[in-house]
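Chain residues, written in single-letter form:
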Amino acid sequence: MKRNLFENAREAVNRFTQNRGEGRQAPANQEDMQAAKQAIQSAYSQCSQQEKQQLQQLEQELESHHNNLR
C-alpha cells in the first residue's frame, strides 16, 4: 500500500504542474494544489527515508510551480 500512496502523491503533483504549464489555459487551482499536498502528507506516513526525500522534492516543486503562477 505504501507504494500506492507514494505514487499517488507523485501523480497529483505531476497533474498540478503539467496541467498548469505548457501553454495550457487552465488557471492555477487551489483545490488541485491542496489535493496534491494531502496526497504528499498521506504518503509520508508509510514511506521509506528515500521516498521521504523524494516527497520533500515534490513539495518544493509544487510550491515553486504555484509561486510562479501567481
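Our structure's up above, just so we're on the same page.
All of the points below concern the structure found in this document. (Residues numbered from 1 in each chain as written. Predicted model: local features only at pLDDT ≥ 70, side-chain atom pairs only at ≥ 80, totals over all residues. Heavy atoms only, no water.)

Next up on the list: the overall build of the protein chain. Along the protein chain, the regular secondary structure elements total three helices and zero strands. Put simply, the protein chain runs from its N terminus to its C terminus through helices and strands in the order α-α-α. Within the protein chain, the fraction of its 70 residues that count as buried is 30%. Carbon and sulfur atoms provide 40% of the accessible area of the protein chain, an area that totals close to 4700 Å². (Helix = DSSP H or I, 4+ residues; strand = E, 2+ residues; numbered from the N terminus. Buried < 20%, exposed > 50% of the residue type's maximum accessible area, 1.4 Å probe, protein only. Areas by Shrake-Rupley, 256 points an atom, 1.4 Å probe, with all protein chains shown as cover.)

Now for the pattern of salt bridges. Counted according to the given criterion, the structure contains two salt bridges. Among the ionic pairs, Arg10 bridges to Glu7, the shortest N-O distance being 3.1 Å. Here Glu7 and Arg10 lie together in helix α1 (residues 2-19), a separation of three residues that amounts to about one turn. (Salt bridge = Lys/Arg side-chain N within 4 Å of Asp/Glu carboxyl O.)

Moving on, we come to helix α3 (residues 49-68). With 20 residues, α3 should cover 28 Å at 1.5 Å per step; its first-to-last C-alpha distance of 29 Å lies within 8% of that length. Buried residues of α3: Glu51, Leu55, Leu58, Leu62, His65 and His66, and no others. In a view along the axis of α3, the buried residues occupy a sector of 95°, so they form one face of it. Seen from the buried face of α3, the exposed residues on the opposite side, beyond 90 degrees, are Gln49, Gln50, Gln57, Gln60 and Asn68. (Expected span 1.5 Å × (residues − 1). Arc of directions from axis to C-beta.)

With that settled, the discussion passes to the packing of helix α2 (residues 30-44) against α3. Orientation of α2 relative to α3, taken along the N-to-C sense of each, is 170°, at an axis distance of 10 Å. In this view, α2 runs roughly antiparallel relative to α3, as classed from their interaxial angle. Along the contact surface, α2 presents Gln30, Met33, Ala36, Lys37, Ile40, Gln41, Ala43 and Tyr44, while α3 presents Lys52, Leu55, Gln56, Leu58, Glu59, Leu62, Glu63 and His66. Partitioning the contact of α2 with α3 into residue classes produces eight nonpolar, four polar and four charged. (Axes fitted to C-alpha atoms, helices over the stretch in contact; angles between N-to-C directions. Parallel < 35°, antiparallel > 145°, perpendicular 65-115°, else oblique. Contact = heavy atoms within 4.5 Å. Nonpolar A, V, L, I, M, F, W, Y, C, P; charged D, E, K, R; others polar.)

Judged by relative accessible area, Glu7 falls into the partly exposed class, the value being 26%. Along the primary structure Glu7 and Ala43 are separated by 36 residues, whereas in three dimensions their C-alpha atoms are 8.5 Å apart. At 3.1 Å, the side chain of Glu7 forms a polar contact with the side chain of Arg10. (Polar contact = N/O pair within 3.5 Å; in protein donor to acceptor, adjacent residues only side chain to side chain.)

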